[in-house]
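# Reading the structure
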Amino acid sequence: MSLPAITTADVLYVAGGLGVLAAAILPLLVRGRAVSTAMAFVAVGVVAGLLPIPLPDLDPVANSAVVERLTEVAVIIAIMGVGLSIDRKLSLRNWATTWRLLAIAMPLTIAGIALLGWGVIGLAPASALLLAAVLAPTDPVLAGDVQLQGPNEGGDDEVRFGLTSEAGLNDGLAFPFVYLAVFVAAGSSVVEWGPRWFAWELVGKVVVGVVVGVAVGWLLGQLSFRAHSSSVSFAEAGDAIVALGAVFLAYGLAETLQGYGFLAVFATAVMARRSDPEHEYHEVLHSFIGQVERLFELVLLLLFGVAIARGLLSDLSLAGALTGVAVVFLVRPISGWLSLRGSRAGTGQRAALAFFGVRGIGSFYYLAYAAGEESFQGVDELWATVAFTVLLSVVVHGASATPAMEALDRARGRQRPDPGDEDDSRPNIAEDERSAPARQEPPVIA
């Protein structure tokens, strides 16, 4: 009797089990080293893709719909986690760094990348604009090493706060420019789509997303902390799965009303965080969302590595590679630095905020979405260029994040505590604020 054949399902179960174990072990192995978990996951995926085993080969060009849905869920869950980690009250002064990165750095980044796509790679205007729109946002999924780690953990850190809040907001604000590329690719005149793009795609959908998010966040806060009955209060029950419910409700409602779902999710998290901000239930919600996010990050990065091993970069040109290098080392850093001129941030802060514009999973989502909406010239080269830029960002930012953040922590006069220590000496920001004199600005790092 012959042995039964090994099926793809069997391999997937084994790969899934090993992958989940890797998701738990790898962060412990790379902690404190110039290696990120994202780098490790991609490397494992590349090795697996080179092996003669029946793993799924997720060609993004042929399977853009699948890529779109997987990356969409990963991004909205990551944005929820980002929003729940922010302690700072929303105001023009408190969020000055965020507004600068969004209103100045992001448009400059889009303009710079679009010029590179058109002038260096030779893409059509619509394709060059799409390349710029998908590579402009700082990614909420892969930028965890340079972001706030959770509620009441580093709210006074201007660099981590700036990169965290930027990542939470700019994924939604990139969408108007994705739509702009779609309109240009459709071939209609500016007179036809210009007023609609400005009034609805650029302004109206933003407003809808924020309003929906605030409403859902207020409801989540009421059900979590304001309900008098323990059978209704989520905080009393300690059930964190309601965070996923809020994520999907906010995103689904905003998208149904034609608003930007990513903005709705971020607004939901920030609004909920303001409800009884010192309650430990916020840490429960953030921890749960972080676990789910890590699983999605694992799956997507492993698939990314497999795709690289099986030809994702085969259509990459020298011009595309040079463009990716310019995005990581020139366009974002220069745009970020210019946006922070005149701010209260110190030189080291400005350098870190400008440099750590991590590119990642969100770029794949936007490209998959746009490719499903309209035909773009050179779409294979677009995918290869975006994939190369994301891979370069994973390696460069992953290797430099830990040393850079530790150097900034030393400059702030404290060493970042090991998150694995049982005796956690991290200050409680809320308690510090109650005992400290009122201050107008967060502390500035020279």
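Everything below is about the structure printed above this text.
Keep in mind that what you see is a predicted model, and the values were worked out from it rather than measured.

A separate point is unusual backbone geometry. Peptide bonds are trans in most cases, and residues, glycine excluded, mostly fall at negative phi. Of note in this structure, Gln 258 is not a glycine but carries a positive phi near 70°. Tracing the backbone through its elements, the reader meets Gln 258 in the loop between helix H10 (242–256) and helix H11 (261–273). Of the residues examined, Gln 258 reaches a relative accessible area of 45% and is grouped as partly exposed.

Extensive coverage of helix H5 (residues 125–135) is indicated by the burial of 10 of its 11 residues. On the buried face of H5, the contacting elements are helix H4 (96–121), helix H7 (175–186), helix H13 (318–339), helix H15 (361–373) and helix H16 (379–411).

Core analysis: the largest hydrophobic core is formed by 114 residues, its most contacted members being Met 80, Leu 130, Phe 304, Ile 361 and Phe 364. Here this core gets 11 residues from one element, more than from any other, and that element is helix H12 (residues 281–309). In this structure, Val 208, Val 216, Ala 250 and Ala 254 belong to the second largest nonpolar core, which totals 6 residues.

Counted by the stated rule, this structure contains 9 salt bridges. For Asp 409, the salt bridge goes to Arg 160, with nearest N and O atoms at 3.1 Å. Of this pair, Asp 409 sits in helix H16 while Arg 160 sits in helix H6 (residues 158–173), and the two are 249 residues apart along the sequence. Its relative accessible area of 5% is what places Arg 160 among the buried residues. Members of the salt-bridge network, linked through shared partners, are Glu 68, Arg 69 and Glu 72.

On the surface, Ile 104, Leu 108, Val 325, Phe 329, Leu 330, Ile 334, Trp 337 and Leu 338 cluster together to form a nonpolar patch covering roughly 670 Å² of accessible area. Going through the elements one at a time, H4 and H13 are the ones with two or more residues in the nonpolar patch. If you tally residues by element for the nonpolar patch, the top one is H13, at 6 residues. Tracing the backbone through its elements, the reader meets Leu 108 in helix H4.

Criteria and thresholds
- Residues numbered from 1 in each chain as written.
- Predicted model: local features only at pLDDT ≥ 70, side-chain atom pairs only at ≥ 80, totals over all residues.
- Heavy atoms only, no water.
- Helix = DSSP H or I, 4+ residues; strand = E, 2+ residues; numbered from the N terminus.
- Buried < 20%, exposed > 50% of the residue type's maximum accessible area, 1.4 Å probe, protein only.
- Contact = heavy atoms within 4.5 Å.
- Core = buried A, V, L, I, M, F, W, Y, C linked by side-chain atoms within 4.5 Å.
- Salt bridge = Lys/Arg side-chain N within 4 Å of Asp/Glu carboxyl O.
- Patch = residues over 30% accessible without salt bridge, like charges linked within 9 Å, V, L, I, M, F, W, Y side chains within 5 Å.
- Areas by Shrake-Rupley, 256 points an atom, 1.4 Å probe, with all protein chains shown as cover.

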